[in-house]
Amino acid sequence: MNSGATADRVYDAIKRRLLSGEILPGERLDPARFADDFHSSKTPVRDALHRLTGERLVESRPGEGFHLPLVTEPGLRDLYIWNASLLRLLVGVWPRDAAERDRSDLPVDLARTPSALFAVFAARTGNSEFIRQLDAANDRLATVRIAERTVLTGLEAEARTFAVALDRAPRAKILQANTTYHRRRLHAVADLVRALYRRG
């Protein structure tokens, strides 16, 4: 296996583990352990951790190594507000016929929402930069969405309502669904942060 393939494999494996929620926010990330787990040397592990630091999924602390970022109430509140604002922006730049033309892009598997649903917002712009920003926001919210399952009720019904809005509602209704979705989470920020620090 060439070094490029190993680097990509290790990066993908570490990223999957970080987004799975099995590591608590603030925990130190041990390159040697990742190297053992993924049958590689430490070099591709360190390269992957530096890459993930650039994506803001990992923190590099001088003299302390790599850590999963801490999640605080103000930080999570800011992240939800950013996500809601990004989605509003995306709807605003959709081509006029985007909702009608792209109904086939709706996710079938509701278990993969909301990240799959929100990816539709970016895909409908046809703009690769918006798609990258939305992917990054989805990654940063991945573990929080795991905590949402333990704190919030009716998530499948909520996802279904959102999918229906994306399928056939006018843009004003889609924007209202976005506001309602994020407002609910902003009210639950304290409970969500507590849930993030509990082991399942």
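Everything below is about the structure printed above this text.
Note that the coordinates shown come from a computational prediction; the quantities given were computed from them, not determined experimentally.

Asker: Outline the sheet that holds strand 3 (residues 65-67), supporting the account with residue identities and numerical values.
Answerer: Sheet architecture is open: three strands sit in the order 1-3-2, paired in antiparallel fashion. Looking at strand neighbours, the two that pair on one side only are strand 1 (28-29) and strand 2 (59-61), the edges of this open sheet. The sheet contacts of helix 3 (residues 42-54) involve strand 1, strand 2 and strand 3, and relative to strand 3 the element is tilted by about 55 degrees.

Asker: For the side chain of His67, give the residues involved together with the corresponding values.
Answerer: Along the chain, the position of His67 falls in strand 3. Among all residues touching His67, those that are not within four sequence positions of it are Gly26, Glu27, Arg28, Leu29, Val58, Glu59 and Arg61.

Asker: So what's going on with the nonpolar core? Which residues, and what values?
Answerer: In this structure, Leu90, Phe118, Phe121, Leu134, Phe162, Leu166 and Ile174 are the most contacted members of the largest nonpolar core, which totals 22 residues. Of all elements in the fold, only helix 4 (73-93), helix 6 (115-123), helix 7 (128-140), helix 9 (155-168) and helix 10 (171-187) reach the threshold of two or more residues within this core. Filtering out sequence-adjacent residues up to four positions away, Phe121 remains in contact with Leu87, Leu90, Val91, Trp94, Phe162, Leu166 and Ile174. Counting residues in hydrophobic clusters, the runner-up holds 20 residues, among them Ile14, Leu18, Val45 and Val58.

Asker: Could you give an account of helix 6, naming the residues involved and the relevant values?
Answerer: Among the residues of helix 6, Ala116, Leu117, Phe118, Val120, Phe121 and Ala122 are the ones counted as buried. On its buried face, helix 6 is in contact with helix 4, helix 7, helix 8 (142-151), helix 9 and helix 10.

Asker: I'd like to hear about the packing of helix 4 against helix 11 (residues 189-196), residue by residue, with values.
Answerer: The geometry of helix 4 relative to helix 11 is characterised by a closest axis approach of 9 Å and an angle of 115 degrees between their N-to-C directions. By the angle between their axes, helix 4 is roughly perpendicular relative to helix 11. For the element pair helix 4 and helix 11, the recorded crossing hand is right-handed. Within the contact between the two elements, helix 4 uses Glu73, Leu76, Arg77 and Tyr80 and helix 11 uses Val189, Ala190, Leu192 and Val193. For the contact of helix 4 with helix 11, the per-class residue count stands at six nonpolar, no polar and two charged.

Asker: Before we move on, could you go through the pattern of salt bridges and cite the residues and values that matter?
Answerer: Working definition: two side chains of opposite charge can pair if their charged atoms are close together. For the structure on display, the rule yields 16 salt bridges. The partner of Glu129 in a salt bridge is Arg132, with the nearest N and O atoms 2.9 Å apart. Placement of both Glu129 and Arg132 in helix 7 is noted, with a separation of three residues, approximately one turn of the helix. A salt bridge links Arg185 to Glu158; the shortest N-O distance between them is 2.6 Å. You can see Arg185 sitting in helix 10 and its partner Glu158 sitting in helix 9, a full 27 residues away along the chain. Salt bridges sharing partners connect three or more residues here, namely Asp8, Lys15, Arg51, Glu55 and Asp139.

Rules used in this analysis
- Residues numbered from 1 in each chain as written.
- Predicted model: local features only at pLDDT ≥ 70, side-chain atom pairs only at ≥ 80, totals over all residues.
- Heavy atoms only, no water.
- Pairing = 2+ DSSP bridges.
- Helix = DSSP H or I, 4+ residues; strand = E, 2+ residues; numbered from the N terminus.
- Contact = heavy atoms within 4.5 Å.
- Axes fitted to C-alpha atoms, helices over the stretch in contact; angles between N-to-C directions.
- Core = buried A, V, L, I, M, F, W, Y, C linked by side-chain atoms within 4.5 Å.
- Buried < 20%, exposed > 50% of the residue type's maximum accessible area, 1.4 Å probe, protein only.
- Parallel < 35°, antiparallel > 145°, perpendicular 65-115°, else oblique.
- Left-handed = near helix turned anticlockwise from the far one by under 90°.
- Nonpolar A, V, L, I, M, F, W, Y, C, P; charged D, E, K, R; others polar.
- Salt bridge = Lys/Arg side-chain N within 4 Å of Asp/Glu carboxyl O.

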